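# Architecture at a glance
So the chains spell out like this:
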Amino acid sequence: MPIGPTLESRRPSVTRLPNQNIARKSMMNIKLNMKGKLVALALGSALPLALLLAAALVGLRGGSDRISELYERQFSGFGKLAEVDGNVARADINILRMLAIADAKMVAELKQENQKRFEAADRIIDDLVRTSGEANAVLTLRESYRKMRDGMTLQVEFLERGDREGAARVNRTQVKDNADRTFGTLARLAAEHSASAEK
């Protein structure tokens, strides 16, 4: 037996009560449970929010597709009508210039320009007929335009021969009424497209 205090005897004795150990363990469990609850709450809030955001993005994409479709259907048709109107109006002006001036070189140049304009108008009108399901107004446009175009082509033939009177007669008998019907139909179709675009 040792004499004097030993190391073990110098250390204060700490006795733990069984209730203290249980209290510490339950405090740790409570802290973990609170952290777990906070994480679960955060994940529980974030998941529906993420799903809602994904649904909104899908809806926006569908909405932009619908807007693109409406634009293509409405405004593209309106643009095509305007392009036909511009080509036909310019060809009509060229014919009037040929009648007024009747210079062989200018007639040849304007004939080539009109041919390109007629080809562009033919292509667009055929496309309108195909995409419109052959609606009456579009068929009327095609018919009156073709008659007007054929009359204008005949006018140029008269002008190339130097027959201004014959060209003027063709203008009165074959071009004027068909031009009025063509431009009137173009205006009516443009108004219909404008009205349907506003709906």
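Right, let's walk through the structure included here. Keep in mind that this is a model prediction, so the values were computed, not measured.

### What about the overall build of the protein chain?
The secondary structure content of the protein chain amounts to 5 helices and 0 strands. Along the protein chain, from the amino end to the carboxyl end, the secondary structure elements read α-α-α-α-α. For the protein chain, with 199 residues in total, the buried portion stands at 25%. Of the roughly 14100 Å² that the protein chain leaves accessible, carbon and sulfur atoms contribute 59%.

### Overview of the packing of helix H3 (residues 104-131) against helix H4 (residues 136-160)
At a closest axis distance of 11 Å, the pairing of H3 and H4 adopts a crossing angle of 165 degrees. In terms of orientation, H3 lies roughly antiparallel with respect to H4. The element H3 and its partner H4 pack so that their crossing is left-handed. For the pair H3 and H4, the contacting residues are Val-107, Lys-111, Phe-118, Ala-121, Asp-122, Ile-125, Asp-126, Leu-128 and Val-129 in the first and Val-138, Leu-139, Leu-141, Arg-142, Tyr-145, Arg-146, Arg-149, Met-152, Thr-153, Val-156, Leu-159 and Glu-160 in the second.

### With respect to the pattern of salt bridges
Summed over the entire model, instances satisfying the criterion amount to 11 salt bridges. For Lys-111, the salt bridge is made with Glu-160, and the minimal N-O distance between the two is 3.0 Å. Highlighted residues: Lys-111 in helix H3 and Glu-160 in helix H4, separated in sequence by 49 residues. Lys-176 serves as the salt-bridge partner of Asp-180, at 3.2 Å between the closest nitrogen and oxygen.

### Observations regarding the packing of aromatic side chains
Here the structure, examined in full by the defined rule, presents 1 aromatic pair. Directly above the ring of Phe-158 sits Arg-161, whose terminal nitrogen or CZ lies 4.5 Å from the centroid.

### Details of the environment of Val-84
Following the sequence through the fold, Val-84 ends up in helix H2 (residues 18-101). Taking relative accessible area as the criterion, Val-84 reaches 0% and is therefore assigned buried. Separated by 34 residues in the primary sequence, Val-84 and Phe-118 have C-alpha atoms spaced 9.0 Å apart. If sequence neighbours within four positions are ignored, Val-84 has contacts with Ala-121, Ile-124, Ile-125 and Leu-186.

### Observations concerning the nonpolar core
Membership of the largest hydrophobic core comes to 32 residues, with the highest contact counts inside it found for Leu-81, Met-98, Tyr-145, Met-148 and Met-152. Those elements giving two or more residues to this core turn out to be H2, H3, H4 and helix H5 (164-198). Once residues within four sequence positions are removed from consideration, Met-152 is found in contact with Ala-91, Asp-92, Ile-95, Phe-118 and Val-175.

Cut-offs used in this document
- Residues numbered from 1 in each chain as written.
- Predicted model: local features only at pLDDT ≥ 70, side-chain atom pairs only at ≥ 80, totals over all residues.
- Heavy atoms only, no water.
- Helix = DSSP H or I, 4+ residues; strand = E, 2+ residues; numbered from the N terminus.
- Buried < 20%, exposed > 50% of the residue type's maximum accessible area, 1.4 Å probe, protein only.
- Areas by Shrake-Rupley, 256 points an atom, 1.4 Å probe, with all protein chains shown as cover.
- Axes fitted to C-alpha atoms, helices over the stretch in contact; angles between N-to-C directions.
- Parallel < 35°, antiparallel > 145°, perpendicular 65-115°, else oblique.
- Left-handed = near helix turned anticlockwise from the far one by under 90°.
- Contact = heavy atoms within 4.5 Å.
- Salt bridge = Lys/Arg side-chain N within 4 Å of Asp/Glu carboxyl O.
- Phe/Tyr/Trp six-rings, centres within 6.5 Å; stacked < 30°, edge-to-face > 60°.
- Lys NZ or Arg CZ within 6 Å of the ring centre and 35° of its normal.
- Core = buried A, V, L, I, M, F, W, Y, C linked by side-chain atoms within 4.5 Å.

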